[in-house]
Amino acid sequence: MSHYRIAVLIGSLRRESINRQLAHGLFKLGPPDFEFHECRIDDLPLYNQDDDSHQAAPVKRLKQEISGAKGVMFVTPEYNRSVPGVLKNAIDHASRPYGQSAFAGKPAGVIGASIGSIGSAMAQQHLRNTLAYLDMPTMGQPEVFIHAKEGLFDDDGQIGEGSRKFLQAWMDRYVEWVKSHS
(Lines give C-alpha, C1' and ligand atoms only; values in the text may rest on other atoms or scores of the structure.)
Protein backbone atom coordinates (compact mmCIF):
# COMPACT_ATOMS: atom_id res chain seq x y z
CA MET A 1 0.00 0.00 0.00
CA SER A 2 1.29 3.47 -0.89
CA HIS A 3 1.83 6.18 1.69
CA TYR A 4 0.54 9.69 1.01
CA ARG A 5 2.02 12.62 2.90
CA ILE A 6 -0.16 15.73 2.60
CA ALA A 7 1.17 19.23 3.29
CA VAL A 8 -1.51 21.32 5.00
CA LEU A 9 -1.48 25.12 4.90
CA ILE A 10 -3.86 26.76 7.35
CA GLY A 11 -4.62 30.42 6.66
CA SER A 12 -4.98 31.44 10.29
CA LEU A 13 -2.35 31.90 12.97
CA ARG A 14 -4.73 32.02 15.94
CA ARG A 15 -4.12 29.29 18.50
CA GLU A 16 -7.91 28.72 18.78
CA SER A 17 -8.47 29.03 15.02
CA ILE A 18 -11.70 27.55 13.69
CA ASN A 19 -9.82 26.50 10.56
CA ARG A 20 -7.04 24.80 12.53
CA GLN A 21 -9.71 22.90 14.44
CA LEU A 22 -11.41 22.02 11.14
CA ALA A 23 -8.10 20.80 9.68
CA HIS A 24 -7.36 18.60 12.68
CA GLY A 25 -10.89 17.19 12.51
CA LEU A 26 -10.43 16.44 8.81
CA PHE A 27 -7.15 14.62 9.52
CA LYS A 28 -9.13 12.10 11.56
CA LEU A 29 -11.44 11.47 8.60
CA GLY A 30 -8.54 10.49 6.34
CA PRO A 31 -7.57 6.88 5.65
CA PRO A 32 -4.59 5.22 7.39
CA ASP A 33 -2.34 5.57 4.33
CA PHE A 34 -2.68 9.38 4.46
CA GLU A 35 -0.46 11.40 6.78
CA PHE A 36 -1.32 15.07 7.22
CA HIS A 37 1.44 17.53 8.08
CA GLU A 38 0.54 21.06 9.14
CA CYS A 39 3.16 23.34 7.63
CA ARG A 40 4.33 26.15 9.85
CA ILE A 41 3.89 29.57 8.22
CA ASP A 42 4.00 31.96 11.18
CA ASP A 43 7.79 32.35 11.06
CA LEU A 44 8.11 33.30 7.39
CA PRO A 45 9.46 36.76 6.63
CA LEU A 46 7.40 38.97 4.34
CA TYR A 47 8.04 37.94 0.77
CA ASN A 48 10.63 40.12 -0.99
CA GLN A 49 11.92 39.15 -4.43
CA ASP A 50 15.34 40.48 -3.45
CA ASP A 51 15.63 37.46 -1.13
CA ASP A 52 14.99 34.81 -3.81
CA SER A 53 18.69 34.01 -4.18
CA HIS A 54 19.17 33.56 -0.41
CA GLN A 55 15.90 32.31 1.03
CA ALA A 56 15.56 32.22 4.80
CA ALA A 57 15.68 28.87 6.63
CA PRO A 58 11.90 28.86 7.34
CA VAL A 59 11.22 29.38 3.62
CA LYS A 60 13.52 26.51 2.67
CA ARG A 61 11.80 24.29 5.26
CA LEU A 62 8.34 25.15 3.86
CA LYS A 63 9.42 24.46 0.30
CA GLN A 64 10.94 21.12 1.35
CA GLU A 65 7.75 20.09 3.19
CA ILE A 66 5.62 20.88 0.16
CA SER A 67 8.06 19.29 -2.30
CA GLY A 68 8.09 16.08 -0.25
CA ALA A 69 4.29 15.85 -0.17
CA LYS A 70 2.00 13.97 -2.55
CA GLY A 71 -0.64 16.70 -2.26
CA VAL A 72 -1.53 19.96 -0.56
CA MET A 73 -4.60 20.85 1.47
CA PHE A 74 -5.49 24.50 2.03
CA VAL A 75 -7.77 25.23 4.99
CA THR A 76 -8.54 28.91 5.10
CA PRO A 77 -10.74 31.55 6.64
CA GLU A 78 -11.80 34.61 4.71
CA TYR A 79 -10.35 38.01 5.56
CA ASN A 80 -11.93 41.02 3.86
CA ARG A 81 -13.43 38.83 1.11
CA SER A 82 -10.07 37.28 0.20
CA VAL A 83 -7.21 35.03 1.28
CA PRO A 84 -5.50 35.93 4.56
CA GLY A 85 -2.19 37.73 4.02
CA VAL A 86 -0.22 35.10 5.95
CA LEU A 87 -1.40 32.37 3.56
CA LYS A 88 -0.66 34.45 0.48
CA ASN A 89 2.80 35.20 1.88
CA ALA A 90 3.46 31.46 2.32
CA ILE A 91 2.26 30.75 -1.23
CA ASP A 92 4.49 33.50 -2.63
CA HIS A 93 7.54 32.12 -0.81
CA ALA A 94 6.98 28.48 -1.78
CA SER A 95 6.37 29.36 -5.43
CA ARG A 96 9.55 31.39 -5.89
CA PRO A 97 12.00 32.00 -7.39
CA TYR A 98 10.30 31.80 -10.76
CA GLY A 99 10.63 28.30 -12.20
CA GLN A 100 11.29 26.70 -8.80
CA SER A 101 7.78 26.41 -7.39
CA ALA A 102 7.26 23.68 -4.80
CA PHE A 103 3.58 23.58 -5.80
CA ALA A 104 3.80 22.64 -9.50
CA GLY A 105 1.79 19.53 -10.26
CA LYS A 106 0.72 18.89 -6.66
CA PRO A 107 -2.97 17.98 -6.36
CA ALA A 108 -4.78 20.46 -4.11
CA GLY A 109 -7.89 20.54 -2.00
CA VAL A 110 -9.43 23.81 -0.79
CA ILE A 111 -11.77 24.07 2.17
CA GLY A 112 -12.50 26.62 4.84
CA ALA A 113 -14.77 28.00 7.49
CA SER A 114 -15.73 31.47 8.60
CA ILE A 115 -18.14 33.03 11.07
CA GLY A 116 -19.75 34.80 8.11
CA SER A 117 -22.78 33.23 6.46
CA ILE A 118 -21.01 32.69 3.11
CA GLY A 119 -18.29 30.67 4.80
CA SER A 120 -15.03 31.31 3.00
CA ALA A 121 -16.43 31.33 -0.55
CA MET A 122 -14.64 34.45 -1.78
CA ALA A 123 -11.30 33.48 -0.22
CA GLN A 124 -11.55 30.05 -1.80
CA GLN A 125 -12.29 31.52 -5.22
CA HIS A 126 -9.31 33.85 -5.01
CA LEU A 127 -7.15 30.97 -3.84
CA ARG A 128 -8.31 28.76 -6.72
CA ASN A 129 -7.25 31.47 -9.20
CA THR A 130 -3.77 31.48 -7.67
CA LEU A 131 -3.52 27.69 -7.62
CA ALA A 132 -4.45 27.51 -11.32
CA TYR A 133 -1.52 29.78 -12.11
CA LEU A 134 0.76 27.61 -9.95
CA ASP A 135 -0.14 24.53 -12.07
CA MET A 136 -1.86 22.72 -9.20
CA PRO A 137 -4.69 20.40 -10.24
CA THR A 138 -7.32 21.60 -7.76
CA MET A 139 -10.35 19.53 -6.80
CA GLY A 140 -13.42 21.41 -7.98
CA GLN A 141 -16.23 19.48 -6.30
CA PRO A 142 -17.57 19.29 -3.76
CA GLU A 143 -17.10 22.91 -2.79
CA VAL A 144 -17.29 23.43 0.97
CA PHE A 145 -18.08 26.86 2.39
CA ILE A 146 -18.62 26.31 6.09
CA HIS A 147 -20.53 28.79 8.21
CA ALA A 148 -18.91 28.20 11.59
CA LYS A 149 -21.66 28.09 14.16
CA GLU A 150 -22.74 26.02 17.13
CA GLY A 151 -22.63 22.31 16.38
CA LEU A 152 -19.79 22.40 13.86
CA PHE A 153 -17.60 20.87 16.57
CA ASP A 154 -18.69 18.67 19.46
CA ASP A 155 -17.71 19.12 23.12
CA ASP A 156 -14.44 17.27 22.50
CA GLY A 157 -13.50 19.62 19.66
CA GLN A 158 -14.13 17.02 16.96
CA ILE A 159 -16.31 17.56 13.92
CA GLY A 160 -19.91 17.49 15.10
CA GLU A 161 -22.38 14.80 14.18
CA GLY A 162 -24.37 17.10 11.90
CA SER A 163 -21.31 17.93 9.74
CA ARG A 164 -19.35 14.68 9.89
CA LYS A 165 -21.05 12.85 6.98
CA PHE A 166 -20.74 15.87 4.68
CA LEU A 167 -17.07 16.45 5.56
CA GLN A 168 -16.31 12.73 5.28
CA ALA A 169 -17.62 12.88 1.71
CA TRP A 170 -15.28 15.82 1.01
CA MET A 171 -12.32 13.91 2.49
CA ASP A 172 -13.15 10.76 0.54
CA ARG A 173 -13.24 12.76 -2.69
CA TYR A 174 -9.96 14.52 -1.81
CA VAL A 175 -8.28 11.16 -1.18
CA GLU A 176 -9.45 9.97 -4.62
CA TRP A 177 -8.21 13.23 -6.15
CA VAL A 178 -4.73 12.89 -4.69
CA LYS A 179 -4.44 9.24 -5.66
CA SER A 180 -5.54 9.94 -9.23
CA HIS A 181 -2.95 12.74 -9.58
CA SER A 182 0.04 11.08 -7.89
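In the block above lies the structure referred to throughout.
These notes cover the structure that comes with them. (Residues numbered from 1 in each chain as written. Predicted model: local features only at pLDDT ≥ 70, side-chain atom pairs only at ≥ 80, totals over all residues. Heavy atoms only, no water.)

Before going further, it helps to spend a moment on the packing of helix 2 (residues 57–67) against helix 3 (residues 85–94). Between helix 2 and helix 3, the shortest axis-to-axis distance is 9 Å and the interhelical angle comes to 80°. On the basis of their axis angle, the class for helix 2 and helix 3 is roughly perpendicular. Across the interface between the two elements, Val59, Leu62, Lys63 and Ile66 from helix 2 touch Ala90, His93 and Ala94 from helix 3. Each residue belonging to the contact of helix 2 with helix 3 can be placed in one class, and the counts come to five nonpolar, one polar and one charged. (Axes fitted to C-alpha atoms, helices over the stretch in contact; angles between N-to-C directions. Helix = DSSP H or I, 4+ residues; strand = E, 2+ residues; numbered from the N terminus. Parallel < 35°, antiparallel > 145°, perpendicular 65-115°, else oblique. Contact = heavy atoms within 4.5 Å. Nonpolar A, V, L, I, M, F, W, Y, C, P; charged D, E, K, R; others polar.)

Taking 1.5 Å per residue, 20 residues should reach 28 Å; helix 5 (residues 161–180) reaches 29 Å between its end C-alpha atoms and fits that length. Burial in helix 5 covers these residues: Ser163, Leu167, Trp170, Met171, Tyr174, Val175, Trp177 and Val178. Packing partners of the buried residues in helix 5 comprise strand 1 (4–10), helix 1 (18–27), strand 2 (34–38), strand 3 (71–75), strand 4 (108–114) and strand 5 (145–147). (Expected span 1.5 Å × (residues − 1). Buried < 20%, exposed > 50% of the residue type's maximum accessible area, 1.4 Å probe, protein only.)

Let us look at the nonpolar core. If you look at the biggest cluster of nonpolar residues, it comprises 29 residues, and the most contacted ones within it are Val8, Leu22, Leu26, Met73, Leu167, Trp170 and Met171. Those elements that provide at least two residues to this core are strand 1, helix 1, strand 2, strand 3, strand 4 and helix 5. In terms of residue count, the dominant contributor to this core is helix 5 (seven residues). Membership of the second largest hydrophobic core comes to 25 residues, among which are Cys39, Leu62, Phe74 and Ile91. (Core = buried A, V, L, I, M, F, W, Y, C linked by side-chain atoms within 4.5 Å.)

Let us look at the layout of surface pockets. In this structure, the largest pocket encloses a volume near 260 Å³. Sorting the residues of the lining of the largest pocket by element identifies helix 3 and helix 4 (121–133) as the ones contributing at least two each. Sort the elements by how many residues they give to the lining of the largest pocket and helix 3 lands first, with three residues. A class-by-class count of the residues in the lining of the largest pocket yields five nonpolar, four polar and four charged. (1 Å grid on protein atoms, 1.4 Å probe; cavity = no way out; pocket = protein on both sides within 12 Å on 5 of 7 lines; lining within 4 Å. Points joined across faces, edges and corners; volume = space filled by probe spheres on them.)

Here five strands make up an open sheet; going across it, the order is 2-1-3-4-5 and the pairing parallel. Each of the sheet's edge strands pairs with one partner strand only, and the pair in question is strand 2 and strand 5. On average, each strand axis in the sheet is inclined to that of its neighbour by 25°, with strand direction left out of account. Bridge analysis of strand 3 against strand 4 gives four bridges, and the strand direction is parallel. Its bridge partner lying in strand 4, Val75 is registered against Ile111. Against the sheet, helix 1 touches strand 1, strand 2, strand 3, strand 4 and strand 5, its axis set at about 130° to strand 4. Across the face of the sheet, helix 5 comes into contact with strand 1, strand 2, strand 3, strand 4 and strand 5 while running at roughly 155° to strand 4. (Pairing = 2+ DSSP bridges.)

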